[in-house]
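Coordinate analysis (summary)
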Number of protein chains: 2
Amino acid sequence: MTLAEENYLKTIFHLERKLKSEVSTNALAERMQTRASSVTDMMQKLADKKMLVYKKYKGVQLTEKGKKAAAYVVRKHRLWEVFLVDKLKFHWDEVHEIAEQMEHIKSVELIKRLDAFLGHPDFDPHGDPIPDKDGNIKKAEKRLLSELIKNQIGICVGVKESSPEYLQYLDKKKIKIGTKINVLGKEFFDGSMMIQVGRDQFFVSKQIAENLYVQTN
Amino acid sequence: MTLAEENYLKTIFHLERKLKSEVSTNALAERMQTRASSVTDMMQKLADKKMLVYKKYKGVQLTEKGKKAAAYVVRKHRLWEVFLVDKLKFHWDEVHEIAEQMEHIKSVELIKRLDAFLGHPDFDPHGDPIPDKDGNIKKAEKRLLSELIKNQIGICVGVKESSPEYLQYLDKKKIKIGTKINVLGKEFFDGSMMIQVGRDQFFVSKQIAENLYVQTN
DNA sequence: ACTAATATTTAGCTTTGCCTAAAATTATAA
DNA sequence: TTATAATTTTAGGCAAAGCTAAATATTAGT
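Cut-offs applied
- Residues numbered from 1 in each chain as written.
- Chains lettered and ligands numbered in written order.
- Predicted model: local features only at pLDDT ≥ 70, side-chain atom pairs only at ≥ 80, totals over all residues.
- Heavy atoms only, no water.
- Domains from an automatic or database assignment.
- Phe/Tyr/Trp six-rings, centres within 6.5 Å; stacked < 30°, edge-to-face > 60°.
- Helix = DSSP H or I, 4+ residues; strand = E, 2+ residues; numbered from the N terminus.
- Buried < 20%, exposed > 50% of the residue type's maximum accessible area, 1.4 Å probe, protein only.
- Lys NZ or Arg CZ within 6 Å of the ring centre and 35° of its normal.
- Axes fitted to C-alpha atoms, helices over the stretch in contact; angles between N-to-C directions.
- Parallel < 35°, antiparallel > 145°, perpendicular 65-115°, else oblique.
- Left-handed = near helix turned anticlockwise from the far one by under 90°.
- Contact = heavy atoms within 4.5 Å.
- Buried area = accessible area lost by both parts, 1.4 Å probe.
- Salt bridge = Lys/Arg side-chain N within 4 Å of Asp/Glu carboxyl O.
- Polar contact = N/O pair within 3.5 Å; in protein donor to acceptor, adjacent residues only side chain to side chain.
- Nonpolar A, V, L, I, M, F, W, Y, C, P; charged D, E, K, R; others polar.
- Near = heavy atom within 4 Å.

1. Re the domain arrangement of chain A
Per the domain assignment, the segments of chain A are domain 1 (3-62), domain 2 (77-136) and domain 3 (142-215). Look at where the C-alpha atoms of domain 1 of chain A and domain 3 of chain A centre, and you get two points 37 Å apart.

What follows is the structure, encoded as structure tokens:
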């Protein structure tokens, strides 16, 4: 698997989930900042390798093999993002580009050990689930804190738009990935909420609640 | 700087220090597992970029610019090796190939933070010095423990040949990178030594002492 | 149903980094 | 010193992954 192939697979993987259908040449070209003709070339190559099913003019669909390969790239990407944020103290919005490079490092043992070193995380710093070694994604519906109702409990899994100010606010309130948030009440007219984090109880505005992703079980 | 260019620079850097002279096309070709003609191509390219001085049939020599770039690649390589051993618990002899890939990741900030995360190490797990950000190498003569004489002090900087058994022995004796070793005495006929490590004093055979690199000041 | 617009593929070219074979240079040794 | 050996460079090609322009399919609007 070359670097380019891995990048195509990963992008197809994401687009398939978003579009819930075959992925078109143009959709791929746009996402990958490349030309449709280049995409066609690569699709033919990946079809030869049984990574996907390609039907002229009809788009592509990953095979099981392709899905697994793609999920593994995603797994590596997200684990490295956790590393960058948890260990090297990068901010959530600075890590994508670096992880984009690190995801291509080839060593199964490396990823095994990295995963253990990080404590087998389930989510990356953006709240997206980390596929397991076999490519299974715990499709934990992530949703906005603002969508919860009274007495619901959510686990913080990420942020939507992360300005430095917002991240600082979360820091101050001791909210990070994995933090349990209990909705104690919700104001109807402005969407603000009373929440509990650890032993602290406080209000958050609608704006705040609309930028925090949580997972409910 | 492409990946291939970085690899050439790094190899030239190492060969220049070993040979203490210009580096010949064939020497490079052998080290890089490639053909002389490929080397010539790349030398012309790197000469265009002012990374080295290339004289037909006379070999190459790094410029200051080239030296700095090469040293930075080496710095990254060695820092990642420290990460792999110290944090991910790889053995000293398993990390080269992985670091070979990681050294090419592009992010100045990443390396800054990695360095801090590792505690600004001066040596990699093989005892080789880590160049600083500016490419300066603390050329701390590393030598074998067996070369020391009575009352000399050495800092452990690495191993020569690292079998699992040997590494285990060092573990048991609490000897690792950075450990100070005091030579209390040396037996003439068998080369064994009495040494002090922390509060412990014990004998090491010549075999042991010949496989441990130390730095003296 | 038919044309216009859009999407996709094909053909042919470019660059990077490698290769082989042949030519040129330098080194060696009788 | 001169022929032979070894080293190095040049010339010409190849595969990967991209691009442009032209050809071909599909979709949509009337």
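Here the narrative resumes, following the displayed structure.
2. Examining the packing of aromatic side chains
Under the definition given, this model contains 5 aromatic pairs over all chains. Summarising the aromatic geometry, the rings of Trp80(A) and Phe83(A) are spaced 5.6 Å apart at their centres and angled 85° between planes, so their arrangement reads as edge-to-face. Remark: Phe83(A) and Trp80(A) occur in helix H4 (residues 64-87); sequence separation between them is 3 residues, near one turn of the helix. Taken individually, Trp80(A) and Phe83(A) each receive the classification buried, so the pair is uniform in this respect. Both rings, one in Phe83(A) and one in Phe117(B), keep their centres 6.2 Å apart while their planes meet at 80°; by these two values the pair is edge-to-face. Placement of the pair is Phe83(A) in helix H4 and Phe117(B) in helix H6 (residues 108-117), with the two residues belonging to separate chains. By the ring-pair criterion, three or more aromatic residues cluster together here, those being Trp80(A), Phe83(A), Phe117(A), Trp80(B), Phe83(B) and Phe117(B). The side chain of Lys142(A) reaches across the aromatic face of Tyr213(A), ending 4.3 Å from its centre. For the cation-ring pair, Lys173(A) lies above Phe202(A), with the distance from its terminal atom to the ring centre recorded as 4.3 Å.

3. Describing the packing of helix H4 (residues 64-87) of chain B against H6(B)
Residues and elements named next belong to chain B. Where H4 contacts H6, the axes come no closer than 10 Å and their chain directions differ by 45°. On the basis of the axis angle, H4 is oblique to H6. The interaxial crossing formed by H4 with H6 has left-handed handedness. Residues Tyr72, Arg75, Lys76, Leu79, Trp80, Phe83 and Lys87 of H4 lie in contact with H6, whose contacting residues are Val108, Leu110, Ile111, Leu114, Asp115 and Phe117.

4. Details of the interface of chain A and chain B
Facing the 19 residues of chain A at the interface are 19 residues of chain B. Between chain A and chain B, the buried area comes to about 1600 Å², and carbon and sulfur atoms account for 73% of it. When the buried surface of chain A facing chain B is broken down by residue, Leu88(A), Gln101(A) and Arg113(A) rank first, second and third, together holding 32% of it. Summed over the shared surface of chain A and chain B, the result is 0 salt bridges. Applying the counting criterion to the chain A and chain B interface returns 6 residue pairs in polar contact (both at pLDDT 80 or more). Among the secondary structure elements, those contributing two or more residues to the side of chain A that touches chain B are H4, helix H5 (96-102) and helix H6 (108-117) of chain A. By residue number, the principal contributor to the side of chain A that touches chain B is H6(A), which donates 5 residues. In the side of chain A that touches chain B, the residues fall into 11 nonpolar, 3 polar and 5 charged.

5. Remarks on the protein's contact with DNA strand C
As a structural note, the neighbourhood of DNA strand C is formed by 20 residues, with Gln44(A), Tyr54(A), Thr2(B), Ser38(B) and Lys45(B) the closest of them. The protein-proximal atoms of DNA strand C, defined as those within 4 Å of the protein, are 75% sugar or phosphate. Within the side chain of Gln44(A), one N or O atom sits 2.6 Å away from a phosphate oxygen of DNA strand C. Contact distances for DNA strand C include 2.7 Å between a phosphate oxygen and a side-chain N or O atom of Thr34(B). Elements supplying a minimum of two residues to the surface near DNA strand C: helix H2 (25-31) and helix H3 (36-48) of chain A together with helix H1 (3-19) and helix H3 (36-48) of chain B. Partitioned by chemical class, the residues of the surface near DNA strand C number 6 nonpolar, 10 polar and 4 charged.

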